[in-house]
Amino acid sequence: MRSRAVIAFDLPLAAYSGAALGLVPAAAAQDAIEAGELPASLNENCYEVLNIMASLFNLPKAPHLKLYATFSGSEPLRPDVRELAVRTAPRDDISIEIARYGAGRMSVVVVP
């Protein structure tokens, strides 16, 4: 088992996606952003968003990928995850806006 892809959300995107999935008011996501960390409920919902996103990488004749773990900003990353997360290429950096919630950033790195 080894890391083949990393998806990184900034705090606003993690909060907004977690809130939107759980139909939590946008104010709760704003509170989490101001506090600098996700409460457990938003963190669990964000995990589900990432879990669904992991399935998008599964293509015929490609290694099967699944979400193995998530890390918050306060946790140290495993060395292999950190190596992928800081790569500059191949990498996609994307701004995402979730209607009625707000905008954040996502980075995706996939090992070819």
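Remember, it's a predicted structure, so these values are computed and weren't measured experimentally. (Residues numbered from 1 in each chain as written. Predicted model: local features only at pLDDT ≥ 70, side-chain atom pairs only at ≥ 80, totals over all residues. Heavy atoms only, no water.)

Asker: Outline the packing of helix H1 (residues 11–21) against helix H3 (residues 40–55), supporting the account with residue identities and numerical values.
Answerer: Where H1 meets H3, the closest approach of the two axes is 7 Å, and the angle between their N-to-C directions is 90°. Looking at the two axes, H1 sits roughly perpendicular to H3. Of H3, the residues touching H1 (which contributes Ala14, Ala15, Ser17, Gly18, Ala19 and Leu21) are Leu42, Asn45, Cys46, Glu48 and Val49. A breakdown of the residues in the contact of H1 with H3 according to their chemical character gives seven nonpolar, three polar and one charged. (Axes fitted to C-alpha atoms, helices over the stretch in contact; angles between N-to-C directions. Helix = DSSP H or I, 4+ residues; strand = E, 2+ residues; numbered from the N terminus. Parallel < 35°, antiparallel > 145°, perpendicular 65-115°, else oblique. Contact = heavy atoms within 4.5 Å. Nonpolar A, V, L, I, M, F, W, Y, C, P; charged D, E, K, R; others polar.)

Asker: Lay out the packing of H1 against helix H2 (residues 26–35) with the relevant residues and their values.
Answerer: Helix packing geometry: the angle between the two helix axes and the distance between the axes. In the contact formed by H1 and H2, the axes pass within 9 Å of each other and the chain directions differ by 155°. One way to sum up the angle between H1 and H2 is to call them roughly antiparallel. Seen along the crossing, H1 lies across H2 with a hand that is right-handed. Between H1 and H2, the residues in contact are Leu11, Pro12, Ala15, Tyr16 and Ala19 and Ala29, Gln30, Ala32 and Ile33, respectively. Per-class residue counts for the contact of H1 with H2 are eight nonpolar, one polar and no charged. (Left-handed = near helix turned anticlockwise from the far one by under 90°.)

Asker: So what about the sheet that holds strand E2 (residues 91–98)? Which residues, and what values?
Answerer: The sheet built from three strands is open, its strands ordered E1-E3-E2 with antiparallel pairing. The open sheet has two free edges, formed respectively by strand E1 (5–9) and E2, since each of these has just one partner strand. Between one strand axis and the next, the sheet turns through 20° on average, direction left out of account. When E1 meets strand E3 (residues 102–110), the two strands line up antiparallel, connected through five bridges. (Pairing = 2+ DSSP bridges.)

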